[in-house]
Amino acid sequence: MYSNIIGFNPMLADIPASRSRSFRKEVEQYLQRYPDTEHVDIYLNDLNGQFRGKRLPVAELFSLDKGCYFPLSIYAMDLGGRVIEESGLGQQAGEPDRLCLPVPGTLRPCARDPQRHAQLLLTMKDADGDACELEPRVVLQQLLGRLHAKGYYPVVAAELEFYLHDPQQLPAGASHSPTQSFSVDAPERHHALLNEIEHQARLQALPLTGIVAEAASGQYELNLHHSARVLEACDQVLALKRLTRQMAEKHHQHACFMAKPCAQAAGSGLHFHISLQDEQGHNLLAGTPGELSATMTQVMAGMLALMPASMAIFAPNINAFRRFRQGMHVPLRASWGHNNRTVALRLPCADSANQRIEYRLAGADANPYLAMAAMLSGMLYGLEHALPLPPAACGNGYENDDAAALPLNQQEALTLFRQSLPLRETLGPAFTALWHICKTAELRRFEEQVTEAEISWML
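Residues numbered from 1 in each chain as written. Predicted model: local features only at pLDDT ≥ 70, side-chain atom pairs only at ≥ 80, totals over all residues. Heavy atoms only, no water.

### Some points on the overall build of the protein
Then step 1. Secondary structure summary: the protein contains 11 helices and 16 strands in total.
Then step 2. The C-alpha atoms of the protein give a radius of gyration of 22 Å, which matches the 23 Å a tight globule of 459 residues would have.
Then step 3. With the C-alpha coordinates aligned to their principal axes, the bounding extent of the protein is approximately 65 × 50 × 50 Å.
Then step 4. Expressed as a percentage of its 459 residues, the buried residues of the protein come to 55%.
Then step 5. Counting 39 positive and 49 negative side-chain charges, the protein places the centres of these two groups 2 Å from one another. (Helix = DSSP H or I, 4+ residues; strand = E, 2+ residues; numbered from the N terminus. Rg over C-alpha atoms; globule rule 2.2 N^0.38 Å. Buried < 20%, exposed > 50% of the residue type's maximum accessible area, 1.4 Å probe, protein only. Lys, Arg positive; Asp, Glu negative; His and termini not counted. Charge placed at Lys NZ, Arg CZ, Asp CG, Glu CD.)

### Some thoughts on the side chain of arginine 137
Then step 1. Examined against the element boundaries, arginine 137 turns out to sit in helix 2 (residues 136-149).
Then step 2. Not counting chain neighbours up to four residues away, the residues in contact with arginine 137 comprise Val103, Leu121, Leu231, Asp235 and Tyr369. (Contact = heavy atoms within 4.5 Å.)

### Quick look at the side chain of arginine 242
Then step 1. With respect to the helices, strands and loops of the structure, arginine 242 is situated in helix 4 (residues 230-250).
Then step 2. Judged by its relative accessible area of 15%, arginine 242 is buried.
Then step 3. Among the polar contacts listed, one links the side chain of arginine 242 to the side chain of glutamine 119, at a separation of 2.6 Å.
Then step 4. Beyond its immediate sequence surroundings of up to four residues, arginine 242 is in contact with Asp41, Phe51, Cys110 and Gln119. (Polar contact = N/O pair within 3.5 Å; in protein donor to acceptor, adjacent residues only side chain to side chain.)

### So, the packing of helix 5 (residues 294-314) against helix 8 (residues 410-419)
For any two helices packed against each other, one specifies the crossing angle of their axes together with the interaxial distance.
Then step 1. One can describe the packing of helix 5 onto helix 8 by two numbers: an axis separation of 7 Å at closest approach and a directional angle of 115°. Between helix 5 and helix 8 lies a crossing whose hand is left-handed. Counted together, Pro308, Ala309, Met311, Ala312 and Ile313 of helix 5 and Ala413, Leu414, Leu416 and Phe417 of helix 8 form the full contact between these two elements.
Then step 2. Considered class by class, the residues forming the contact of helix 5 with helix 8 number nine nonpolar, no polar and no charged. (Axes fitted to C-alpha atoms, helices over the stretch in contact; angles between N-to-C directions. Left-handed = near helix turned anticlockwise from the far one by under 90°. Nonpolar A, V, L, I, M, F, W, Y, C, P; charged D, E, K, R; others polar.)

### Digging into the state of the cysteines
Then step 1. The tally for this structure, following the rule as stated, stands at zero disulfides.
Then step 2. Looking at the unpaired cysteine 132, the closest cysteine sulfur is the one in cysteine 100, lying at 8.4 Å.
Then step 3. As a non-bridged cysteine, cysteine 262 has cysteine 256 as the owner of its nearest cysteine sulfur, 10 Å distant. (Disulfide = S-S within 2.5 Å.)

### Remarks on the packing of helix 2 against helix 4
Then step 1. Between helix 2 and helix 4, whose axes approach to 10 Å, the crossing angle comes to 155°. With respect to each other, helix 2 and helix 4 are oriented roughly antiparallel. The way helix 2 lies across helix 4 gives a crossing that is right-handed. Residue-level contacts link Arg137, Leu140, Gln141 and Leu144 of helix 2 to Val230, Leu231, Cys234 and Asp235 of helix 4.
Then step 2. When the residues that make up the contact of helix 2 with helix 4 are grouped by side-chain class, the tally is five nonpolar, one polar and two charged. (Parallel < 35°, antiparallel > 145°, perpendicular 65-115°, else oblique.)

### A word on helix 5
A turn of α-helix holds 3.6 residues, and therefore any two residues three or four places apart point the same way.
Then step 1. By the largest-angle criterion, proline 308 marks the main kink of helix 5, which is about 65°.
Then step 2. For helix 5, the buried fraction is high: 17 of the 21 residues fall into the buried class. (Bend = angle between axes of the 7 residues up to and from the residue.)

### Points about a nonpolar patch on the surface
Then step 1. On the surface, Val450, Ile455 and Leu459 cluster together into a nonpolar patch covering about 360 Å² of accessible area.
Then step 2. Note on placement: valine 450 falls in the loop between helix 10 (429-447) and helix 11 (452-458).
Then step 3. What makes valine 450 exposed here is its relative accessible area of 60%. (Patch = residues over 30% accessible without salt bridge, like charges linked within 9 Å, V, L, I, M, F, W, Y side chains within 5 Å. Areas by Shrake-Rupley, 256 points an atom, 1.4 Å probe, with all protein chains shown as cover. Salt bridge = Lys/Arg side-chain N within 4 Å of Asp/Glu carboxyl O.)

### A few points about the pattern of salt bridges
Then step 1. Counted according to the given criterion, the structure contains 18 salt bridges.
Then step 2. For arginine 55, the salt bridge goes to aspartate 41, with nearest N and O atoms at 3.0 Å. Remark: aspartate 41 occurs in strand 1 (residues 39-45) and arginine 55 occurs in strand 2 (residues 51-57); sequence separation between them is 14 residues.
Then step 3. Relative accessible area serves as the criterion here: at 7%, aspartate 41 is assigned to the buried category.
Then step 4. The residue lysine 250 makes a salt bridge to glutamate 196 at a minimum N-O spacing of 2.6 Å. Note that lysine 250 is positioned in helix 4 and glutamate 196 in helix 3 (residues 188-203), a separation of 54 residues in sequence.
Then step 5. Beyond isolated ion pairs, a larger network of salt bridges with shared partners links Arg146, Lys150, Glu384 and Glu425.

### Overview of the environment of leucine 276
Then step 1. The residue leucine 276 is located in strand 11 (residues 270-277) in this model.
Then step 2. On the basis of relative accessibility, which here comes to 0%, the residue leucine 276 falls in the buried class.
Then step 3. With 23 residues separating them in the primary sequence, leucine 276 and valine 299 have C-alpha atoms 9.4 Å apart.
Then step 4. Setting aside residues no more than four positions away along its own chain, leucine 276 makes contact with Tyr152, Tyr153, Pro154, His282, Asn283, Leu284, Leu285, Thr295, Val299, Met379 and Leu383.

### Considerations on the packing of aromatic side chains
Then step 1. The full count for this structure, using the stated rule, is seven aromatic pairs.
Then step 2. On the numbers, 4.3 Å between centres and 20° between planes, the contact of tyrosine 43 with phenylalanine 51 is stacked.
Then step 3. Owing to a relative accessible area of 5%, tyrosine 43 belongs among the buried residues under this scheme.
Then step 4. An aromatic cluster of at least three residues, connected via ring pairs, comprises Phe162, Tyr220 and Phe257.
Then step 5. Looking at arginine 323, its charged tip hangs above the ring of phenylalanine 324, at a distance of 5.2 Å from the centre.
Then step 6. Here the guanidinium or amino end of lysine 439 rests over the ring plane of tryptophan 435, the centre of that ring lying 5.0 Å away. (Phe/Tyr/Trp six-rings, centres within 6.5 Å; stacked < 30°, edge-to-face > 60°. Lys NZ or Arg CZ within 6 Å of the ring centre and 35° of its normal.)

Next up, the structure:
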């Protein structure tokens, strides 16, 4: 079987020699630190944020400076790894390969066996050698480029919730004693696992700042340090999810990142804290005490305007919409408020220099690149258009009639997404068409299934 690692190829003559030297130096430095490395996992993240790639012997690592090939259809896979033929990227189109190159700075030890096993993120090129417009990471990268060109520099921090449970039991159903919110005494069975997650995060240089116990039994939140390197921050979210799953498996537990794994317990979200700086590093969202800055007003108005259509990104499957129920601290309207966890855009308590927006919609199963791209699309839309900001929610945000209701089912969200010209423009027409086609096909296939519950009703 021939290897997909590239030898000489005249089409690759435009790959800068400096890039090749930089990657080889990264490999050399890594192998000095981990000389017993035997294998490396090379991977891309698909539409759903799943890792797609293969394992190579370490001897092939240096050759990756020239790239390797993976099929474009990776970006048309459903959650089960099947190519959605309606996308036009599958067998009917011959499943063409595209050149993939290493992402600098992502060569890391793999948590399963860090001394002997490495992992490396790739990015795909299109047929002309440009960045692949269907790759979620590229969608975000291009949007960041637009913001930077206008002198805007987002700073973000992620909070990722998940459940730990015995593989033989349902999440949140394994124990009748709930975890205490913010408890510093996690259940004894999880102490060693949580400690190892922190240790492996340090080995991978992932800026994990803490692990917080949530209210539901076995639910935790991983907090990452704020960063102006937005692409890298999203890389780290996905790397941390993989690390957590691997460590849970090692400890005979299962780490579940479903948005709503148990109907009776709280769902799991992916919250982002976002601020916006200028070229000198000044926080443009900072205002005088008691007042919102003009930029804060603009970006929140834009975020709220695009929020209903963006739900197709924040809740990317049927299960994700089960999270949106009253009483679960999940917003149901396109609302904002000060220090209020029932709204979509929460302004946390902070001094002027650290004023920011907490965006509370995305589920833990959302693709972080796409969730961030949707959030920044709203920011950009508000900065480019004079939009009114509705009044802040006071008290229970679920009853805020001044705020637009959010779509609470996937079909409605996908319809709004397809009709949204601003999202089509910021995320790219090729990507938005692909997302709508793939998610519509997934939904249709789900609805074609007859569930056990339906059968039991008729017996």
